Amino acid sequence: MSKQRLRLTVITEYFPVSATEGITGGVELRAFEVLRRIARKVQVTVICSHQPGQPRTHVVHNMQIHRVGPTIQYSNSGRIINRLLFAVAAFLQARQIPADILEGYSFLSYLPAWIAARMQHIPAIATYHESWTNGGWVAH
């Protein structure tokens, strides 16, 4: 009898199309590189925002990518309504994807990941990198 692969769903606001296309910052590149390695042994699904010119769904390095919500430009600040609409769309998508673990990888993804995990009765993880306050990055 074969063992079922662990199913990890990750919600992150921004995620590149590939290792060379659509990289908006260090957090996004780190997410891509870590998850593509994990996807060798774990079923990885990424839920992220949709930026202009990106496909809504695609597979890269065995990761299933779902780009949800309104089409938005990359932004560290502002565009609050569109960013909140992304969080709602991410939650709605996450609750439909069977998972064993749900991870929020960026600030706007923590609450949708936690609520979707609670609804599925699975563990939730929050990866905290840094925060943008008073016009600059602050690592804690």
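Our structure's up above, just so we're on the same page.
Residues numbered from 1 in each chain as written. Predicted model: local features only at pLDDT ≥ 70, side-chain atom pairs only at ≥ 80, totals over all residues. Heavy atoms only, no water.

### Section: the side chain of His58
Here is step 1 of the chain: Mapped onto the elements, His58 comes out in strand 3 (residues 57-60).
Here is step 2 of the chain: Only 3.4 Å separates the side chain of His58 from the side chain of Arg67, close enough to count as a polar contact.
Here is step 3 of the chain: Filtering out sequence-adjacent residues up to four positions away, His58 remains in contact with Val17, Met63, Gln64, Ile65 and Arg67. (Helix = DSSP H or I, 4+ residues; strand = E, 2+ residues; numbered from the N terminus. Polar contact = N/O pair within 3.5 Å; in protein donor to acceptor, adjacent residues only side chain to side chain. Contact = heavy atoms within 4.5 Å.)

### Structural notes on the nonpolar core
Here is step 1 of the chain: Counting 16 residues, the largest nonpolar core has Leu8, Phe15, Leu35, Val44, Val46, Met63 and Ile65 as its most contacted members.
Here is step 2 of the chain: Counting 15 residues, the second-largest nonpolar core is a separate cluster that includes Ile11, Phe86, Ala90 and Ile97. (Core = buried A, V, L, I, M, F, W, Y, C linked by side-chain atoms within 4.5 Å. Buried < 20%, exposed > 50% of the residue type's maximum accessible area, 1.4 Å probe, protein only.)

### A look at the layout of surface pockets
Here is step 1 of the chain: Of the voids in this model, the second largest pocket is the one considered here, and its volume is about 150 Å³.
Here is step 2 of the chain: Surrounding the second largest pocket, Leu84, Ala87, Val88, Phe91, Phe107, Leu108, Tyr110, Leu111, Pro112 and Ile115 form its lining.
Here is step 3 of the chain: Going through the elements one at a time, helix 2 (80-94) and helix 3 (110-120) are the ones with two or more residues in the lining of the second largest pocket.
Here is step 4 of the chain: Of the residues contributing to the lining of the second largest pocket, the split by class is 10 nonpolar, no polar and no charged. (1 Å grid on protein atoms, 1.4 Å probe; cavity = no way out; pocket = protein on both sides within 12 Å on 5 of 7 lines; lining within 4 Å. Points joined across faces, edges and corners; volume = space filled by probe spheres on them. Nonpolar A, V, L, I, M, F, W, Y, C, P; charged D, E, K, R; others polar.)

### Remarks on the pattern of salt bridges
Here is step 1 of the chain: Following the criterion strictly, the structure yields 4 salt bridges and no others.
Here is step 2 of the chain: Close ionic contact of Glu33 with Arg36 constitutes a salt bridge, the shortest N to O distance being 2.7 Å. Here the residue Glu33 and the residue Arg36 both occupy positions in helix 1 (residues 26-38), the gap between them amounting to 3 residues, near one helical turn.
Here is step 3 of the chain: A salt bridge links Glu33 to Arg37, with the nearest nitrogen and oxygen atoms 2.8 Å apart. Here the residue Glu33 and the residue Arg37 both occupy positions in helix 1, the gap between them amounting to 4 residues, near one helical turn.
Here is step 4 of the chain: For Arg37, a relative accessible area of 43% puts it in the partly exposed group.
Here is step 5 of the chain: Shared partners join several salt bridges into a network, and the residues in it are Glu33, Arg36 and Arg37. (Salt bridge = Lys/Arg side-chain N within 4 Å of Asp/Glu carboxyl O.)

### Quick notes on the packing of aromatic side chains
Here is step 1 of the chain: Scanning the model with the defined rule gives 3 aromatic pairs in all.
Here is step 2 of the chain: Centroid distance Phe107 to Tyr110: 6.3 Å. Interplanar angle 80°. Geometry classified as edge-to-face. (Phe/Tyr/Trp six-rings, centres within 6.5 Å; stacked < 30°, edge-to-face > 60°.)

### A word on the packing of helix 2 against helix 3
Here is step 1 of the chain: Viewed as axis vectors pointing N to C, helix 2 and helix 3 meet at an angle of 25°, and their least axial separation amounts to 9 Å. Taken together, the axis directions place helix 2 and helix 3 in an arrangement best described as roughly parallel. As for the relative orientation of helix 2 and helix 3, their crossing is right-handed in sense. Listed contacts from helix 3 to Ala87, Phe91 and Ala94 of helix 2 are Pro112, Ile115, Ala116, Met119 and Gln120.
Here is step 2 of the chain: Residues that form the contact of helix 2 with helix 3 fall into these classes: 7 nonpolar, 1 polar and no charged. (Axes fitted to C-alpha atoms, helices over the stretch in contact; angles between N-to-C directions. Parallel < 35°, antiparallel > 145°, perpendicular 65-115°, else oblique. Left-handed = near helix turned anticlockwise from the far one by under 90°.)

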